[in-house]
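Letter by letter, the chains look like this.
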Amino acid sequence: MPPLAFALLCALALTLAGPAVAAPPPDVIFRNATFATLDSAGTMARAVAVTNGVFTAVGAEADIEALAGPDTKLVDLGGKFVSPGLIDAHTHPMETYYLANDWVDCRYPGTPSVAEALRRIAAWAARTPKGQWIDVACVSASENKFAEKRLPTKAELDKAAPDNPLVLANGAHQVVINSAAIQALGIAKGMTRMPHGATIILDPSGEPTGVVLDSQADIPTAPSPATLERAYTEGIQELWNANGFTSLLAITPAAALPVLQQVAASGAKPHIRYTVSVWTAANGADMPETLDAFRMPAKADPARYRFAAIKDWVDGENDARSGSLCEPYRGHSPDDPPGGHGTLVTPQAGADRFAAIAAQNGVIPMFHCSGDAATDIGLSAYEALVKSGTPLPPRMRIEHFGMFQMKKAQIDRAVALRKHGLRVSVQPVWLTELVKADFENMDPKLAASGFRFRDLVDAGLEPAASTDMTGIYLGNISPIRAMAACATRQSDAGLFEPGQALTAEEALRMWTVWAAAALGESAVKGSIEPGKYADMTVYSDNLLTMPKDRLKDAVVTRTIVGGETVYQAP
């Protein structure tokens, strides 16, 4: 019997009178803890019962223990605080695993300067066979962080790696490539676009500078199938479980999807629940009209593997000065795209088509919208879809909604779309990394309009939180760090707009109840209630009662998926 069906049967049995319909004893009882169920009533419990991987009873310790049978396992949680299992509502796990293990590490602050980055690249190139590609990871907005206040140039990369094509990633949306890579990719003088949406920056004479924007489909990395299999069966779950995650929305390139489908068909039971969003190109232009090839195989466990969404990038990102803005960026950088307003990757017609494809196939469309002009395009695509009268997708999503700047009119439009299924995702940990860059790149009033989580919550938009892990900022994997930023509003530029602070419970809901809703999975995830997956996160401290300035010091001590402990702190 499927786990959910079994859970509903047990829950029904518990509500009926008479011994003839008594529910079987639970497989396991977790007790002696403070369980923040995050149900609609705000219930706090002391114990939970789990059968066949789902919650069958939640309540007082004595009442739950009375359900135990001779084979029921009792787990004492030592008085700890427990929340529903954390959900990462937007992340790139395959890339994270690959970048963390196979790329040259030039991430700030470990690499404080261009000079140190070039030294590391040269050392790597010296032991790399000629002609083999070299990939380099730098954090977003490294040009604002490196001591020289710039990125390495093409000429410098040529000198550091003269015999290897090289790609230096400045975050996820901007790269600098050397001459060998330019030649290998067939980039010619005067060429401004690549086939899948990347923008090539040229010098005044028309020669490529080496800077390319939004090249994720045009300059793809190439992890081996063996690397991908290790990622999907071991590496991803180990990293996310250790940080309290039980589910994630895995944004997955179509080229890597067959490996995940093979793992799913093999019967492998991961310790993380994969909800999958697929992308084909940055501009979504080659997204097929029929998405059957992206669905999980029949043998896959739908509780662990689910194809749910497709993703498109409307623009670049603000910290690379390529997010599409209504107002121009401050000043000028030689790496800027023409016009000074960022980069439009997907125009309105392309966004409209993309949303329609998702609706026709019954999956969630996801629009990456970093700048306010891009956000307008995403909202307009959904408004047009609603007006068309065609069946709507199960959810419609805007990613990074209002993270860097936001207008009141955009909140109002999002609120109007919410009744049609709109959900928004945000990345709270960026408060600790990118506020300073925003003020360097944008008008101060515009920069101050970003990260307004209180406004989003008060408007009823229930933002879903995520790490947006790409392997660039390895520390972004910590949801506790992000919750602390929401509660304290401490940023890399100091205290930032303190009136936008959230309560600890609201910050926790972003990673649980609201994240489950954004995935269209509220029926089985997000809260501790009978009939839902028995996914839980256990902490060293009570997140809801501890002083907010100490929230950052809490740690995950145990992660439970389907009633099974998959991570326990040493």
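For the structure itself, consult the block above.
In this report, we go over the structure that sits alongside the text. Here the structure is a predicted model, which is why all the values come from computation and not from measurement.

1. Describing the sheet that holds strand β10 (residues 134-138)
The strands that make up a sheet pair up through hydrogen bonds in the backbone, lying either parallel or antiparallel.
Phase 1 of the analysis: The strand order across the open sheet formed by 6 strands is β9-β10-β11-β12-β14-β13, and the pairing between neighbours is mixed. What marks the edges here is a single partner per strand, and that holds for β9 (104-105) and β13 (199-202).
Phase 2 of the analysis: Across 3 bridges, strand β11 (residues 166-170) lies against strand β12 (residues 174-177) in antiparallel orientation. Across the sheet, A169 pairs through a bridge with V175, a residue of β12.

2. Focus on the packing of aromatic side chains
Phase 1 of the analysis: Tallied over the entire structure, the rule returns 14 aromatic pairs.
Phase 2 of the analysis: Measuring from centroid to centroid gives 6.1 Å for Y274 and Y305, while their planes differ by 15 degrees, and the two rings are stacked. In this pair, Y274 is assigned in strand β16 (residues 273-279) and Y305 in strand β17 (residues 305-313), connecting sequence segments 31 residues apart. Each member of the pair, Y274 together with Y305, is buried.
Phase 3 of the analysis: Through pairs of rings, three or more aromatic residues link up here, namely F404, W430, F439, F451, F453 and F496.
Phase 4 of the analysis: Directly above the aromatic system of Y533 lies the positively charged group of R273, at a separation of 4.0 Å from the ring centroid.

3. Focus: the pattern of salt bridges
Phase 1 of the analysis: Under the defined criterion, the tally for this structure stands at 28 salt bridges.
Phase 2 of the analysis: We note a salt bridge from K532 to E529, for which the minimum N-O separation is 3.5 Å.

4. Here we look at the packing of helix α3 (residues 93-102) against helix α8 (residues 225-241)
Phase 1 of the analysis: Running from amino to carboxyl end, α3 crosses α8 at an angle of 95 degrees, the nearest separation of the two axes being 9 Å. For the element pair α3 / α8, the angle class is roughly perpendicular. Together, P93, M94, T96, Y97, Y98 and D102 of α3 and T227, L228, R230, A231, Y232, G235, I236, L239 and W240 of α8 make up the contact between the two elements.
Phase 2 of the analysis: Classifying every residue of the contact of α3 with α8 by side-chain character gives 10 nonpolar, 3 polar and 2 charged.

5. A closer look at the side chain of K525
Phase 1 of the analysis: Topologically, K525 is positioned in the loop between α18 (513-518) and β24 (536-539).
Phase 2 of the analysis: For K525, the side chain forms a polar contact with the side chain of S247, separated by 3.2 Å.
Phase 3 of the analysis: K525 has contacts with I87, S247, R273, T275, A516, K532 and Y533, leaving out every residue within four places of it along the chain.

6. Considerations on the sheet that holds strand β8 (residues 86-91)
Phase 1 of the analysis: Strand order in the open sheet formed by 8 strands is β8-β15-β16-β17-β18-β19-β20-β21, and the pairing between neighbours is parallel. Sheet topology places β8 and β21 (464-465) at the edges, where each strand pairs with a single neighbour.
Phase 2 of the analysis: Two strands pair when backbone bridges link them, and β16 and β17 are joined in this way by 5 bridges, in the parallel orientation. What sits directly across from V278, in β17, is I310.

7. A closer look at helix α9 (residues 257-265)
Side chains of residues three or four places apart in an α-helix project in the same direction, reflecting 3.6 residues per turn.
Phase 1 of the analysis: Of the residues making up α9, those classed as buried are L257, V259, L260, Q261, V263 and A264.
Phase 2 of the analysis: Of the surrounding secondary structure, the elements contacted by the buried residues of α9 are α8, β15 (245-253), β16 and β17.
Phase 3 of the analysis: Trailing α9 by a residue or two, G267 shows a phi angle of about 90 degrees, which is positive.

About the cut-offs
- Residues numbered from 1 in each chain as written.
- Predicted model: local features only at pLDDT ≥ 70, side-chain atom pairs only at ≥ 80, totals over all residues.
- Heavy atoms only, no water.
- Pairing = 2+ DSSP bridges.
- Helix = DSSP H or I, 4+ residues; strand = E, 2+ residues; numbered from the N terminus.
- Phe/Tyr/Trp six-rings, centres within 6.5 Å; stacked < 30°, edge-to-face > 60°.
- Buried < 20%, exposed > 50% of the residue type's maximum accessible area, 1.4 Å probe, protein only.
- Lys NZ or Arg CZ within 6 Å of the ring centre and 35° of its normal.
- Salt bridge = Lys/Arg side-chain N within 4 Å of Asp/Glu carboxyl O.
- Axes fitted to C-alpha atoms, helices over the stretch in contact; angles between N-to-C directions.
- Parallel < 35°, antiparallel > 145°, perpendicular 65-115°, else oblique.
- Contact = heavy atoms within 4.5 Å.
- Nonpolar A, V, L, I, M, F, W, Y, C, P; charged D, E, K, R; others polar.
- Polar contact = N/O pair within 3.5 Å; in protein donor to acceptor, adjacent residues only side chain to side chain.

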